[in-house]
Structures are given as C-alpha cells and as structure tokens.
Amino acid sequence: MSNPGQTITQRDGGLGLSGTPGTRFLFVGCSSGGSAGLSTHTSSTSLQTAQGGGPLVVAGSWSLDGANKEKGKSGPPIDVLKVAGSVAASNSAITKSGSGPTVTVSGNANCFYSAIVTPVVGGVLGTGTFKYSLDGGQFYSEVLTIPTGGTYVIPNSGLTLTFPAGTYVAAETYTFTTIPATYNLSDLTAAWPTLMAAYDRWPVIVFTGHSATASAAAVLSAGIDVLCAQLVNGMRYPRVLMSTGEDVEATILSAFASVQTNLIAHFASKVPLKLFKASQGWGNPTLPFVYEAARRASMVGLGTNPAWVGLKDPNLYRVGVPVYDATKSGSALYDAKINAPCTYPGRAVNGKPLVYSTGFLLKSAPGSDFKHFQWGRVLDEISDAVQLRQQEWVNGNLEVMTDGTGRILPEAAKDLEQTVLGDIKRRIVNVVRDDGKRGWTSGVPKYEVDRTVDILTTGLLKSGSKAVPLANTEQVATEIGFATQI
C-alpha cells in the first residue's frame, strides 16, 4: 500500500501520428566563480557578478539580455545550477604567421575562444605593443604594451599569455582555440539531489555543456533523460534543451541513431552571437546553437514553436551565419529529429541572412505524440494544472451512490470536473498567443472523472484529460500559374 496521494501519467499515442506553475527556465553548467548549487538571477549583471564567466554564465546572460519582447527590457528571471566540470578545459597549439618569438598560452579557458594575438608596434619586451581578439578577429582589445616580465593575464578569460624574450614583428599573428571545462554524467548525478530537494518547478532545463564529440553528448543525453524522469515522477514536468556536441553531421547522426526521448530537444552546431555586452576582445564569439535556442524558447509562450519564422524577434539580427546551415546541407538531421541552424531565401538584413532553427523537435520514437517541443510543454501545463487542483482532494470526502455500487455521485463528479476544467481554461484556453489569438490547444481540453469506479471500496478516484494540440506547419505547398493560356 502507498501513502495517500495521486499519480499522473502522460499518455502517448492519442494523435495517431505516423512514424501555480513554474515559469523560470533552469540553466545547468559550469562557471568560473560562485558556489555550486541553485540560484536565481534577474539580470546578466547579477549572474556575472555571482558566477563569473563560463558556459553557464554566457548562455544564461544571452537569454536574460535577449529574451525581451520590448527593446530595453530584460527577459524573465532564470535559475542556474552550477555543477562540477570534471572534463578538463583544453587549449590548442599556437600557430604563428612569422619568424618572431613563439608566444605560449596557459590556463583553463572560461569559454569557447578563437584567439588572435598580434603585435602592433614591433619591439622587445616592455617596448613593443600588441592587441588580442578572443572571437576570431571580430572584436579586438585596446593596444597594450608587451609586458616587461613577459606574462599577460587576459581579463575574465582564465588564460595567461607568455611572451618570451626577443624582438616581436608588427602584424604577425599567433592564433589558437580553446574549449572550456564541462561536466560529465557523474557531475550531473552528484548535483541532481539539489534539484530533487527543491520545491521549484522548471518548465525548461537548458544544459549548457558542449561535448567534444557527438558520442559523448549521446551518452550524456541518455543520462539526462533518466535524471529528468525523476522530476517527472515527482510531478514536475520539464522539457530539455541540449547540444549534440562538436562533430560533423554524419557523426552526429551515427551517435544519436538509437537515442529516443520524449523530454529532450537536441541542437547541432554553433553560430556567431553578437553579445549584448562586449568585453575586451570578445563581442561576437561562435557559440553552441543551443544557447540561441534557449533564448528563443524563453521569449515565446509555452505553446508557440520557438522556430516559428514569423515570430517578431528584435534580436534575431544578432545571430551570424552558422557554421552548419541545414538549408544548404539537407534534411538528414531534421529527419532524425535533431534541430540545426538554417536560413530562408529572402529573409535577410543588410544582405546578411537571418538564422532560424529547422524546428524544436523532441528526439521521440516514431509515431510518438511528443514530436514537437511546444506540444510537450502544453501537455506539461495541463498536467501541472490537473495535479495541483486534484491534490486538494487527497483524504477528502466525496459523496457516492446509495445503490451499493460505491460509485461517485454524478453531481459530485460534475463539480470536480468544473473545478479542474476552470484551472485548465485559465492556463491553456484563456491566454493570448504570440500570434494574437487565444488558446494553446485546438478547442477546449476535456477533463472527466470516471463514474464507473467503486471509490467507496477502493478509495481510488480516476480521472482523465485530453487535448488536441495546435497543428505545427512544417511544409507549405503552393501552385502558381497564369489564369489563361497565352
């Protein structure tokens, strides 16, 4: 026998396809400062002050600064969970363009950097000057004197440059790339009790790590699916955004071929992001596409597909030409339910294409109702509304028939149905969508109490809720021609 309570089962298969609620998004990842655990932030300044730098901070700041629907206003608050980063950071070898002394780099990079160091005025230590860029030459620092002692700590980066003795030559370049530390499944598992012990509800969880390989990301995905299922079993319903890691299309497809999950949307590749607050030498870095996906998800209503091309997004221009463009590369990733950056003909600003996502697909099994991210979120909202209201009935009194069947009195069942349906309507039906219309479902969801159960003997009250989602337009087919023959 179990303690008095209730169970919620999200039913799959109802669509017949072929092949007070939580509102804050939760960002999970590594940062250079702060303490491990949960915290809430209302601005990027607060987040950076508390946690320093790193993928967790960059991804969270990108959403906080860019999720606003009105220019000048911050996006909704976020929660962050700092976890350990057992997968060590790494720096590539330095490539130099000329014959000058060989600069070296050390330290653990806070983020993904594509660094360029170049002397401006040639000379020896203490007399020559240099500048640096951490975003591939998009933004440069001010001109600095090559230190007499030979070492220079790049602010807020975790990196130190060492200039050996010698004569530096103007305009030569020293280039290298970095990968920040990230978590493994053990790190996430160790941090998970913090979430389980909290009473918060997070409709979306963003994992900010970007694995070095797709196979490593696939292993993480399987573990994250298990961890998030623990939240679902506790009647907290998150949908998850994460990266497929640093790999090419064919390798991603192979690594994720057997991955199936109703909870997680995966995002491939990287895109340049024009930061809202540039720092010395770092203003337009190339970062995991999942960071941009999280921003778009946080600026729309729960039933809107964040990949909607017609969405009015004042910050869309801040996304540069992607490393991988699905428009040019084909539909292999989309067919495998993996989301990727894409562009559309004619949608550009000042000659630069605007970047969208092919979709927000969950990596669900063929035929699953859990195809689209927003469909999952709508079902999560209904589940949350139902369970919060039904919780009030545990150990409550209900009138039953006096005919010996022990079934609930029809009038009592109707009262319960109207109460729950009122909450569902408030959260699902009587809301204004991003397109200006009302309701996150097609029509009003149904909610019914089972009138056939002997509740008097069993103590079991059974109920069910069904909803028809809004259709997601994936293709538009049109025929165009002249009205009469010429």
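Described below are features of the structure shown in this document. All of these numbers come straight from a predicted model, not from anything done at the bench.

This brings us to the overall build of the protein. In terms of regular secondary structure, the protein is built from eleven helices and 21 strands. Summarising its shape, the C-alpha atoms of the protein cover approximately 100 × 75 × 45 Å along the three principal directions. Looking at the protein residue by residue over its 486 residues, the buried ones come to 48%. Split by element, the accessible area of the protein, about 22,500 Å² in all, is 53% carbon and sulfur. For the protein, the distance from the average position of its 38 positive side-chain charges to the average position of its 35 negative side-chain charges is 5 Å.

A few words on the nonpolar core. Of all hydrophobic cores here, the largest spans 55 residues; its most connected members are F27, F130, L161, F163 and L241. Ranked by size, the runner-up nonpolar core spans 23 residues in total, among them V28, L188, W202 and L231.

Turning our attention to the sheet that holds strand β3 (residues 78-82). Read from one edge to the other, the open sheet built from six strands follows the order β2-β3-β1-β13-β14-β15, with strand pairing classed as mixed. With partners counted over all chains shown, the strands left at the sheet margins are β2 (37-41) and β15 (264-267), one partner each. Put simply, the sheet's adjacent strands are angled 20° from each other on average, direction ignored. Of the strand pairs in this sheet, strand β13 (residues 204-207) and strand β14 (residues 239-243) are connected by three bridges, and their pairing is parallel. Bridged to V204 within β14 is R239. Helix-sheet contacts for helix α6 (residues 289-298) involve β1 (25-29), β13, β14 and β15, and the interaxial angle to β14 is about 155°.

Moving on: the sheet that holds strand β11 (residues 159-162). As summarised here, the arrangement of the three strands in space is β6-β11-β10, forming an open sheet in which the pairing is antiparallel. In the strand order of this sheet, the two ends are held by β6 (104-107) and β10 (151-154), each with one partner. Looking at each pair of strands side by side, their axes are set apart by 25° on average, direction ignored. Note that β6 and β11 share four bridges and pair antiparallel. Within β11, the residue paired with G107 across the bridge is L159.

We now examine the packing of aromatic side chains. In the structure shown here, the tally under the stated rule is eleven aromatic pairs. Ring plane angle 65° and centroid distance 4.9 Å describe the contact between F267 and F360, whose orientation is recorded as edge-to-face. In this pair, F267 sits in strand β15 while F360 sits in the loop between β19 (352-357) and α9 (373-390), placing the two residues 93 residues apart along the sequence. Since its relative accessible area comes to 0%, F267 is described here as buried. Looking at F360, the relative accessible area reads 1%, which means it is buried.

A few words on helix α1 (residues 44-51). Within α1 the residues assigned to the buried category are S44, L47 and Q51. The buried residues of α1 all sit within an arc of 60° when viewed along its axis, so they share a single face. Buried residues along α1 sit in contact with β2, α2 (55-66) and β3. Just beyond α1, the residue with positive phi is G52, at close to 75°.

Any empty space left between the atoms is revealed when a probe the size of a water molecule rolls over them. Volume-wise, the second largest pocket comes out at about 840 Å³. Lining the second largest pocket are 32 residues, with N305, W308, N472, T473 and E474 sitting closest to its centre. At the level of secondary structure, the elements contributing two or more residues to the lining of the second largest pocket comprise α7 (326-329), β18 (341-349) and α9. Broken down by element, the lining of the second largest pocket gets its largest block of residues, three residues, from α9. Residue classes in the lining of the second largest pocket are distributed as 15 nonpolar, 13 polar and four charged.

It is worth spelling out the environment of N472 at this point. Note on placement: N472 falls in the segment after β21 (463-466). Put simply, N472 and W308 are 164 residues apart on the chain and 9.3 Å apart in space, counted from C-alpha to C-alpha. Apart from residues no more than four positions distant in its own chain, N472 is found in contact with N305, H372, Q374 and W375. Among the polar contacts made by the side chain of N472, one reaches the side chain of N305 at a distance of 2.8 Å. Looking at N472, its side chain comes within polar contact range of the side chain of Q374, at 2.9 Å.

Let's shift gears to the packing of helix α3 (residues 185-197) against helix α4 (residues 214-233). Between α3 and α4, the shortest axis-to-axis distance is 11 Å and the interhelical angle comes to 10°. Judged on the interaxial angle alone, α4 and α3 are roughly parallel. The element α3 and its partner α4 pack so that their crossing is right-handed. On α4, the residues that touch L185, L188, T189, W192 and M196 of α3 are L220, G223, I224, L227, C228, Q230 and L231. Broken down by class, the residue content of the contact of α3 with α4 amounts to nine nonpolar, three polar and no charged.

Take the pairing of β15 next. A two-sided burial pattern is seen for β15, the buried positions comprising I264 and H266 on one face and A265 and F267 on the other. Two elements, β14 and β15, share four bridges in a ladder whose sense is parallel. Paired with S243 across the two strands is F267, which belongs to β15. Read from β14 through helix α5 (residues 249-255) to β15, the crossover connection turns out right-handed.

Our next topic: the pattern of salt bridges. All told, the structure shown has 16 salt bridges when counted by the stated rule. With its nearest N and O atoms 2.5 Å apart, the salt bridge here joins R296 to E292. With R296 and E292 both in helix α6 and four residues apart, this pair spans about one turn of that helix. Among the residues examined, E292 registers a relative accessible area of 0% and is labelled buried. A salt bridge links R389 to D423, with the nearest nitrogen and oxygen atoms 2.8 Å apart. Taken together, the positions of R389 in helix α9 and D423 in helix α10 (residues 410-429) put the pair 34 residues apart, joining distant regions of the chain. With a relative accessible area of 12%, D423 lands in the buried category. Among the ionic contacts, a cluster of salt bridges with common partners joins R201, E381, D384 and R427.

Conventions adopted
Residues numbered from 1 in each chain as written. Predicted model: local features only at pLDDT ≥ 70, side-chain atom pairs only at ≥ 80, totals over all residues. Heavy atoms only, no water. Helix = DSSP H or I, 4+ residues; strand = E, 2+ residues; numbered from the N terminus. Buried < 20%, exposed > 50% of the residue type's maximum accessible area, 1.4 Å probe, protein only. Areas by Shrake-Rupley, 256 points an atom, 1.4 Å probe, with all protein chains shown as cover. Lys, Arg positive; Asp, Glu negative; His and termini not counted. Charge placed at Lys NZ, Arg CZ, Asp CG, Glu CD. Core = buried A, V, L, I, M, F, W, Y, C linked by side-chain atoms within 4.5 Å. Pairing = 2+ DSSP bridges. Axes fitted to C-alpha atoms, helices over the stretch in contact; angles between N-to-C directions. Contact = heavy atoms within 4.5 Å. Phe/Tyr/Trp six-rings, centres within 6.5 Å; stacked < 30°, edge-to-face > 60°. Arc of directions from axis to C-beta. 1 Å grid on protein atoms, 1.4 Å probe; cavity = no way out; pocket = protein on both sides within 12 Å on 5 of 7 lines; lining within 4 Å. Points joined across faces, edges and corners; volume = space filled by probe spheres on them. Nonpolar A, V, L, I, M, F, W, Y, C, P; charged D, E, K, R; others polar. Polar contact = N/O pair within 3.5 Å; in protein donor to acceptor, adjacent residues only side chain to side chain. Parallel < 35°, antiparallel > 145°, perpendicular 65-115°, else oblique. Left-handed = near helix turned anticlockwise from the far one by under 90°. Right-handed = clockwise from strand over helix to strand, strands pointing away. Salt bridge = Lys/Arg side-chain N within 4 Å of Asp/Glu carboxyl O.

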